[in-house]
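Structural description and commentary
These are the residues of each chain, in order.
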Amino acid sequence: MASNDTIADMLTRIRNANMARHQTTDIPSTKMTRNLAKVLKEEGFIIDFEEQEEGIKQKLVLSLKYKGKNRQPIITALKRISKPGLRVYSNRKELPRVLGGIGIAIISTSSGIMTDREARRQGLGGEVLCYVW
């Protein structure tokens, strides 16, 4: 299960857990997945996340967010943009807007991982990791 693309792996796990209406999902903890989880939390897509240790392995446990009686997932879609085989970069002028600003693009900039909104504010470009809406 050693995936080279930790981000795609993380998005898939969140997507699967959402479809099965799970309350939480486990993701292998890396610096990248921690930063992504932080952005998802700040943007209100997940309730919270915590780090747990399993022997030498560390994992992140994300608490997913649903709305209403039918428990509709807050996250309707996660889309990987930049892949290991094809990196996608954009400068600050070309930062993508997701669904006219309803969704977020998560950008890896020189100042860390942030949303397209934040990157625009700081005038930074970077690698477009994924879209969430």
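Here, the structure is the one placed above.
Presented here is an overview of the structure given in this document. This structure is a prediction, so every number in the text was calculated from the model and none was measured. (Residues numbered from 1 in each chain as written. Predicted model: local features only at pLDDT ≥ 70, side-chain atom pairs only at ≥ 80, totals over all residues. Heavy atoms only, no water.)

A few words now on the nonpolar core. Core analysis: the largest hydrophobic core is formed by 24 residues, its most contacted members being M10, I14, L40, L62, I106 and V132. Elements supplying a minimum of two residues to this core: α1 (6–19), α2 (31–42), β3 (57–64), β8 (104–109) and β10 (126–132). For this core, the leading source of residues is α1, giving five residues. Those residues in contact with L40, other than ones at most four positions away along the chain, are M10, I14, F45, I46, I106 and V132. Listed in part, the ten residues of the second largest apolar core include L95, A105, I107 and A119. (Core = buried A, V, L, I, M, F, W, Y, C linked by side-chain atoms within 4.5 Å. Buried < 20%, exposed > 50% of the residue type's maximum accessible area, 1.4 Å probe, protein only. Helix = DSSP H or I, 4+ residues; strand = E, 2+ residues; numbered from the N terminus. Contact = heavy atoms within 4.5 Å.)

What follows is about the environment of T109. Summarising the element assignment, T109 is placed in strand β8. Through-space distance from the C-alpha of T109 to that of G125 is 6.2 Å; in sequence the pair is 16 residues apart. Non-local contacts of T109, meaning those with residues more than four positions away in its chain, are made with M114, A119, L124 and G125. Polar side-chain contacts of T109 include one of 3.0 Å to the backbone nitrogen of S111. A polar atom in the side chain of T109 sits 2.7 Å from the backbone oxygen of G112. (Polar contact = N/O pair within 3.5 Å; in protein donor to acceptor, adjacent residues only side chain to side chain.)

Per the counting criterion, the structure on display carries ten salt bridges. Among the ionic pairs, R13 bridges to D9, the shortest N-O distance being 3.1 Å. Highlighted residues: R13 and D9, both in helix α1, separated by four residues, approximately one helical turn. Judged by relative accessible area, which is 25%, R13 ranks as partly exposed. Residue D9 is classed as buried on the basis of its relative accessible area of 14%. (Salt bridge = Lys/Arg side-chain N within 4 Å of Asp/Glu carboxyl O.)

Once that is clear, we can look at the side chain of T25. On the secondary structure map, T25 appears in strand β1 (residues 24–28). Once residues lying within four places of it in the same chain are set aside, the contact partners of T25 are R13, I14, A17, L60, V61, L62 and L64.

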